[in-house]
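A structural walkthrough
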Amino acid sequence: MAKNSAAPASSDAPSEGTSLNGVPVGKGRATPSRAEREAARKRPLVADTKEAKARQRAELQARREKARVGMAAGDPKYLPARDQGAQRKFVRDYVDAGWHLGEAVMPAMVVVILATFIPLPEVQFYSFVALWIFIFFVVGDMILTSIMVKRAVKEKFGADKIEKGLGWYAAMRTVQMRFLRLPKPQVKRGQRPV
């Protein structure tokens, strides 16, 4: 059997000027090998472009901002487990409605630090003594608030359905300055929850 040089071209062969997966095929270029065709088809599963990374960063930042705003507003969907529940919300509102000595701990410490720069030993000594006396009263306020909160929760929700740790939760919230509390206070001072 002799090979016929004038054999008719099969209908499957690409015609001149066409391309296969974006690679020109035809006269003047060898047919791409299988490895070349596979390499041309390969794409990363995750886009590795700067634009894609920037878009991902922007989406992540938007989700974080939405979660931060939701948590600050007290939206239950965004609250961590320690802040969820009706009793915890009641405790937050109860604490936020009152005045507490613990809110002044940080400013008092700043005053004592500034007093240490005064070169008089008496001023430095008495400022530390005053700070320790103040902290003693803050601890007393925390204990009193804890007892009052537990009593208020018992009245509102019943004695047999009280969550554990509400007293400590209330005490720790009294030590934070009002504008730094998260979730943000939902009640005004003096507006006790019922």
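1. Section: the pattern of salt bridges
If charged atoms from side chains of opposite charge come close, those side chains can pair. Scanning all chains against the criterion turns up nine salt bridges. Across the salt bridge formed by Asp93 and Lys89, the nearest N and O atoms sit 3.0 Å from each other. Of this pair, Asp93 and Lys89 are both found in helix 3 (residues 86–96), four residues apart, which corresponds to roughly one turn of the helix. We classify Asp93 as buried; its relative accessible area is 9%. Classification of Lys89 by relative accessible area gives partly exposed; the value is 39%.

2. So, a nonpolar patch on the surface
Taken together, the side chains of Leu101, Phe125, Tyr126, Val129, Ile133, Phe136 and Phe137 present a nonpolar region at the surface, about 760 Å² in accessible area. Tracing the chain through its elements places Ile133 in helix 5 (residues 121–157). Of the residues examined, Ile133 reaches a relative accessible area of 46% and is grouped as partly exposed.

3. Some details on helix 6 (residues 166–175)
Burial within helix 6 is extensive, with seven of its 10 residues counted as buried. Turning to helix 6, its buried residues are Leu166, Gly167, Tyr169, Ala170, Ala171, Arg173 and Thr174. On the buried face of helix 6, the contacting elements are helix 3 and helix 5.

4. Some points on the side chain of Arg92
Checked against the element boundaries, Arg92 lands in helix 3. For the buried residue Arg92, which engages in no salt bridge, the nearest side chain bearing the opposite charge is Asp83, 4.3 Å off. A distance of 2.8 Å separates a polar atom in the side chain of Arg92 from the backbone oxygen of Asp83. Leaving out residues up to four positions away in the same chain, Arg92 has contacts with Leu79, Asp83, Tyr169, Arg173 and Pro183.

5. Examining the packing of helix 3 against helix 6
The description of two packed helices rests on the angle between their axes and on the distance between the axes. Remark: helix 3 packs on helix 6, axes separated minimally by 10 Å, with the N-to-C direction vectors making an angle of 35 degrees. The hand of the helix 3/helix 6 crossing is right-handed. Taking contact as the criterion, the partners of Gln87, Arg88, Val91, Arg92, Val95 and Asp96 in helix 3 are, on helix 6, Leu166, Tyr169, Ala170, Arg173 and Thr174. When grouped by side-chain class, the residues that make up the contact of helix 3 with helix 6 number five nonpolar, two polar and four charged.

Rules used throughout
Residues numbered from 1 in each chain as written. Predicted model: local features only at pLDDT ≥ 70, side-chain atom pairs only at ≥ 80, totals over all residues. Heavy atoms only, no water. Salt bridge = Lys/Arg side-chain N within 4 Å of Asp/Glu carboxyl O. Helix = DSSP H or I, 4+ residues; strand = E, 2+ residues; numbered from the N terminus. Buried < 20%, exposed > 50% of the residue type's maximum accessible area, 1.4 Å probe, protein only. Patch = residues over 30% accessible without salt bridge, like charges linked within 9 Å, V, L, I, M, F, W, Y side chains within 5 Å. Areas by Shrake-Rupley, 256 points an atom, 1.4 Å probe, with all protein chains shown as cover. Contact = heavy atoms within 4.5 Å. Lys, Arg positive; Asp, Glu negative; His and termini not counted. Polar contact = N/O pair within 3.5 Å; in protein donor to acceptor, adjacent residues only side chain to side chain. Axes fitted to C-alpha atoms, helices over the stretch in contact; angles between N-to-C directions. Left-handed = near helix turned anticlockwise from the far one by under 90°. Nonpolar A, V, L, I, M, F, W, Y, C, P; charged D, E, K, R; others polar.

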